[in-house]
Amino acid sequence: MTAPLLEARGVTLSFGETPALRGADLAVDAGEVLAVMGPSGSGKSTLLHCLAGILAPDGGEVHFDGRRIDRLGEQERSTLRRDSFGFVFQFGQLVPELSAEENVALPLLLGGARRADALARARAWFPKLGLDGLERRRSGELSGGQAQRVALARGLVAEPRVLFADEPTGALDSLTGEHVMDLLVDSARSQGTTVVLVTHEARIAAYADRETIVRDGRATSLTGRAAR
Amino acid sequence: MSVSLTLLGLLEREPSHGYDLKRDYDAFFGRGKPLPFGQVYATLGRLARDGKVVVGDPEAGDGPDRKRYVITEAGATEFEDWLSEPVAAEPHLQTVLFSKVVLALMLGRDAERYLDTQRAAHLKRMRELTEVKRSGSLVDALLADHGLFHLESDLRWIDLTAARLDALAAEVTAR
Ligand SMILES: Nc1ncnc2c1ncn2[C@@H]1O[C@H](COP(=O)(O)OP(=O)(O)OP(=O)(O)O)[C@@H](O)[C@H]1O
Ligand SMILES: [Mg+2]
């Protein structure tokens, strides 16, 4: 079996007195779509933030692509997130002052792309996600499902190695949510992006290749990684 | 789901040969488990015996062994009655899942482990059905969704029960 692309080993993290992670282990292979499930407050989002270099854990290790990333400084972690990771969250993630296409182009612009190039690449996502004609809308003028697809395009536009999605369909009705999942999985697969998907909904987790359950700050894999 | 009622329903559309009935049954109701010809003809034979279908006049071009079956008034009534009756909303108060959990707790076995194994099995099936839904026809997708919603409600029960195992153990071992 080859080494996983992303791995947490015995990760611990407390918010003040509250232990959120108590030794979480998790491994994701390249190209895999992993669902992280578990009850509310069990530590799913905290684990995702540690894996994505948003939070620095108190203990344990996080490895990405053969490199230990949990001890990197804020600057280096920020570069790593920009260059290698994409994000989709539950809501409130689009910048209201920007148009939909500018929102999608944002990761490219932050990565130093020329504005015209970034916008052209951003626009290419709109027909793929059934968003034709909405390129110039502001986020306040989009429905929840449309805004979520714009956020998905933004998460994937820079072709990240890993897409981190925290309850990406949590604010949508189940039909729209499944449509977004369809697009997420298809797009991630076609560009080889690995996905870490936090959800408490089994129907959403069923789009993944495999699931891990987080309970009381620990992760249990019910199914092992596929032997590769 | 009863084969004879399904065949009656197909015959209610139009008189048909056993072969056509099998083809349509397999396409819409077989779900990868084709109905053996023997069962088609045995069922039609029983329906004929009970006066729910009759063998119609052969048409030009029909072979000697190609009987056309026609639904009777009695057959149509039975079918309509069945169609208009809602399926029993079974409360499933004594499911296998429930019995296993309670017995595991009574015997001091690891009920949580059982629930985890069951959760994994449910999720595995849900992944398979999701794949069917993503790649199949609308008929396949709707059937898969039906299965998915049922599995999902089982899973909710599994989660709820897992969260209350200690209290349940206290109750079932108290006597
Ligand atoms: N910024 C924070 N400050 C203090 N405590 C926090 C913070 N973020 C999370 N926690 C606590 O850490 C624990 C884990 O929270 P986390 O957000 O990871 O849970 P979760 O599994 O994502 O839950 P949910 O399904 O409700 O989103 C909880 O007890 C929570 O209250
Ligand atoms: Mg969360």
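Residue numbers here run from 1 along each chain, matching the order of that chain's written sequence. Chains and ligands are labelled sequentially in the order written, the chains with letters from A and the ligands with numbers from 1. Thresholds applied to this predicted model are a pLDDT of at least 70 for local features of residues and 80 or more for the giving and counting of side-chain atom pairs; totals over whole chains, interfaces and linings are not thresholded and use all residues. Calculated side-chain values reflect all of the structure's heavy atoms, with hydrogen atoms and water omitted.

## Some details on a negative patch on the surface
All names here are of chain B.
And step 1. The grouping of Glu-12, Glu-73, Glu-80, Asp-81 and Glu-85 at the surface amounts to a negative patch.
And step 2. Tallying contributions element by element places helix H4 (residues 73-84) first for the negative patch, with 3 residues.
And step 3. Relative to the assigned elements, Glu-73 resides in helix H4.
And step 4. The rule is simple: take the accessible area with a 1.4 Å probe, protein chains only, and divide by the maximum for that residue type; under 20% is buried, over 50% is exposed, in between is partly exposed. The exposure class of Glu-73 is exposed, given its relative accessible area of 66%. Surface patches are defined over residues having more than 30% relative accessible area and no salt bridge, joining like charges when they lie within 9 Å and nonpolar side chains (Val, Leu, Ile, Met, Phe, Trp, Tyr) when within 5 Å. Reported accessibility uses the Shrake-Rupley method at a 1.4 Å probe radius. Residues are deemed covered only where the shown protein chains occlude them. The rule for a salt bridge is simple: a side-chain nitrogen of Lys or Arg has to be within 4 Å of a carboxyl oxygen of Asp or Glu. None of His or the chain ends enter the tally, which takes Lys and Arg as positive and Asp and Glu as negative. Charge coordinates come from a single atom per side chain, which is NZ of Lys, CZ of Arg, CG of Asp or CD of Glu. Secondary structure counts use DSSP, requiring at least four H or I residues in a row for a helix and at least two E residues in a row for a strand, with both numbered from the N terminus.

## Regarding the interface of chain A and chain B
And step 1. We call two residues in contact whenever any of their non-hydrogen atoms come within 4.5 Å of each other. Opposite the 17 residues of chain A that make contact, chain B presents 15 residues.
And step 2. For any pair of parts, buried area is found by adding up, for both, the accessible area (1.4 Å probe) each one loses once the two are put together. Interface of chain A and chain B: buried area, both sides summed, is about 1400 Å²; carbon and sulfur atoms make up 52% of it.
And step 3. In this assembly, chain A and chain B are joined by 6 salt bridges.
And step 4. The residue A:Asp186 makes a salt bridge to B:Arg134 at a minimum N-O spacing of 2.7 Å.
And step 5. Side-chain atoms alone can form a polar contact between residues adjacent in sequence; in general such a contact is a pair of N or O atoms within 3.5 Å, and within protein one must be able to donate a hydrogen while the other accepts it. Across the contact surface, chain A and chain B share 7 residue pairs in polar contact (both at pLDDT 80 or more).
And step 6. At the level of elements, helix H6 (174-190), helix H7 (202-205) and strand E9 (210-215) of chain A are the ones that each hand at least two residues to the side of chain A that touches chain B.
And step 7. Ten residues, namely Ala, Val, Leu, Ile, Met, Phe, Trp, Tyr, Cys and Pro, are considered nonpolar, four, namely Asp, Glu, Lys and Arg, are considered charged, and the remaining ones, Gly among them, are considered polar. Taken together, the residues of the side of chain A that touches chain B sort by class into 8 nonpolar, 1 polar and 8 charged.

## So, the domain arrangement of chain B
And step 1. For chain B, the assigned domains are domain 1 (1-84) and domain 2 (86-175).
And step 2. A separation of 36 Å is found between the C-alpha centroids of domain 1 of chain B and domain 2 of chain B. Note that the domain bounds were set by an automatic or database domain assignment.

## Notes on the sheet that holds strand E3 (residues 33-37) of chain A
All names here are of chain A.
And step 1. Only when DSSP finds a minimum of two bridges between them are two strands counted as paired. Read across the sheet, 6 strands follow the order E6-E7-E8-E3-E9-E10 without closing on themselves; strand pairing throughout is mixed. If you trace the sheet from one side to the other, it starts and ends with strand E6 (85-88) and strand E10 (218-221), each paired once. Here the strands of the sheet are splayed against their neighbours by 20 degrees on average, with no regard to which way each runs.
And step 2. Pairing of E9 with E10, which is carried by 4 bridges, proceeds in the antiparallel orientation. Residue pairing across strands places Thr-212 opposite Ser-221, the latter belonging to E10.
And step 3. Lines fitted to C-alpha atoms define the axes, with helix axes restricted to the stretch in contact, and inter-axis angles between N-to-C directions lie between 0 and 180 degrees. Sitting on the sheet, helix H2 (residues 74-84) touches E6 and strand E7 (162-166), and the angle it makes with E6 is about 80 degrees.
And step 4. Lying over the sheet, H6 contacts E3, E7 and strand E8 (194-198), oriented at roughly 155 degrees with respect to E8.

## Quick notes on the pairing of strand E2 (residues 18-28) of chain A
Residue and element names in this part refer to chain A.
And step 1. With 8 bridges joining them, strand E1 (residues 6-15) and E2 adopt antiparallel strand pairing. Each bridged residue has a counterpart across the sheet, and for Ala-8 the counterpart in E2 is Leu-26.
And step 2. Between E1 and E2, which pair antiparallel and follow one another directly, the connecting turn spans 2 residues, one of which, Gly-16, has a positive phi of 60 degrees.

## What to know about the site of ligand 1
Residues and elements named next belong to chain A.
And step 1. Near, as used in this document, describes a residue that has one of its heavy atoms within 4 Å of the molecule or strand being considered. Looking at ligand 1, the residues that line it are Phe-15, Thr-18, Ala-20, Pro-39, Ser-40, Gly-41, Ser-42, Gly-43, Lys-44, Ser-45 and Thr-46.
And step 2. At a separation of 2.7 Å, an oxygen atom of ligand 1 approaches a polar side-chain atom of Lys-44.
And step 3. Counting only elements with at least two residues in the shell around ligand 1, the list comes to E2 and helix H1 (44-51).
And step 4. Ranked by the residues each element gives to the shell around ligand 1, the list is headed by H1, at 3 residues.
And step 5. Residue classes in the shell around ligand 1 are distributed as 3 nonpolar, 7 polar and 1 charged.

## As for the side chain of B:His122
And step 1. Looking at the element boundaries, B:His122 is found in helix H6 (residues 111-135).
And step 2. Discounting chain neighbours no more than four positions away, the residues touching B:His122 are B:Leu151, B:Asp154 and B:Leu155.

## Structural notes on the pattern of salt bridges
And step 1. Taken as a whole and judged by the stated rule, the model has 33 salt bridges over all chains.
And step 2. Note that A:Arg68 and A:Asp70 form a salt bridge whose closest N and O atoms lie 2.9 Å from each other.
And step 3. We classify A:Asp70 as buried; its relative accessible area is 3%.
And step 4. With a shortest N-O distance of 2.8 Å, B:Arg125 and B:Glu128 are connected by a salt bridge. Residue B:Arg125 and its partner B:Glu128 are both found in helix H6; the two are separated by 3 residues, about one turn of the helix.

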